[in-house]
Amino acid sequence: TLGRRGIDAPFLNRNDTRMSPQTFEFVSLQGIVGDAASPHWKYGFGYFSQEKSRNSDEFVSMAEIAGAPDGVDRGVYVGGGTYRNGNWSLGAVDYYSDDIINIFYTEAKYGLNPAPDVHLLGAVQFAAQNSVGQNLLNGGTSFATNQLGAKAELGYDTAILTLAYSVVNPGFAIQTPWSANPFYTDGQIQDF
């Protein structure tokens, strides 16, 4: 894929809580090994050079969107994959922007359908972030932080009841330099 469009990944996404989603300029290679009916791998690698924010008409450098000083032009290298086998999946992705930030994210899920119209899901997630190189995101000061989350869902027909918990390292807040975060306790309408 080459061009400008929306994408849905944990820390690079459309953040489409409004009518106008975020759009990215990127080149990527994505694929699948196996088919959906059997165990399979989905993978993706790419380079994101620019982003058009929801309230903007122009594409600007990913570094500028992240909060680096004016004139810094850096993109984001992304690589990751998901393995699915029946009711469970495991995925991981890494985002790296020179002199700005490295973000690693992983998530595991297990789902069951014990009866017609009844759905159960358990999931855990982990994210680790740290500054890299010249630490341009935090005024030259290095940082490192992480987050751990878990959720359980009970669904019946079209209703879903979710119980979620998330904890962030108290030393430094999680950064969301390019879009919304993927955490279970971050709702579209209200954060908990």
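Analysis parameters
Residues numbered from 1 in each chain as written. Predicted model: local features only at pLDDT ≥ 70, side-chain atom pairs only at ≥ 80, totals over all residues. Heavy atoms only, no water. Salt bridge = Lys/Arg side-chain N within 4 Å of Asp/Glu carboxyl O. Helix = DSSP H or I, 4+ residues; strand = E, 2+ residues; numbered from the N terminus. Buried < 20%, exposed > 50% of the residue type's maximum accessible area, 1.4 Å probe, protein only. Pairing = 2+ DSSP bridges. Core = buried A, V, L, I, M, F, W, Y, C linked by side-chain atoms within 4.5 Å. Contact = heavy atoms within 4.5 Å.

**Some thoughts on the pattern of salt bridges**
For the structure shown, the criterion picks out two salt bridges. Across the pair Asp-99 and Arg-74 runs a salt bridge, and its minimum N-O distance is 2.7 Å. Placement of the pair is Asp-99 in the loop between strand E6 (88-97) and strand E7 (101-115) and Arg-74 in the loop between helix H1 (62-66) and strand E5 (76-85), with a sequence separation of 25 residues. The exposure class assigned to Arg-74 is partly exposed, which follows from its relative accessible area of 23%.

**Re the pairing of strand E8 (residues 118-131)**
Bridging between E7 and E8 involves 13 bridges; their strand directions are antiparallel. Each bridged residue has a counterpart across the sheet, and for Tyr-110 the counterpart in E8 is Gly-122. The hairpin formed by E7 and E8 contains two residues between the paired strands, and Asp-117 there has a positive phi angle of roughly 65 degrees. For E8 and strand E9 (residues 144-156), the ladder comprises 13 bridges, and the chain directions are antiparallel. Looking at the pairing, Leu-120 lines up with Leu-154 of E9.

**Observations regarding the nonpolar core**
With 26 residues, the main nonpolar core has Phe-11, Leu-12, Phe-48, Tyr-95, Ile-100 and Trp-178 as its most contacted residues. Beyond its immediate stretch of four places on either side in the chain, Tyr-95 contacts Ala-9, Pro-10, Phe-11, Leu-12, Val-76, Tyr-77, Val-78, Ile-101, Asn-102, Ile-103 and Trp-178.

**Some words on the environment of Phe-59**
Mapped onto the fold, Phe-59 is located in the loop between strand E3 (40-52) and strand E4 (60-61). Its relative accessible area of 18% is what places Phe-59 among the buried residues. For the pair Phe-59 and Glu-25, spaced 34 residues apart in the sequence, the C-alpha separation amounts to 7.9 Å. Residue contacts for Phe-59: discarding those within four places in its chain leaves Arg-4, Thr-23, Phe-24, Glu-25, Gln-50, Glu-51 and Lys-52.

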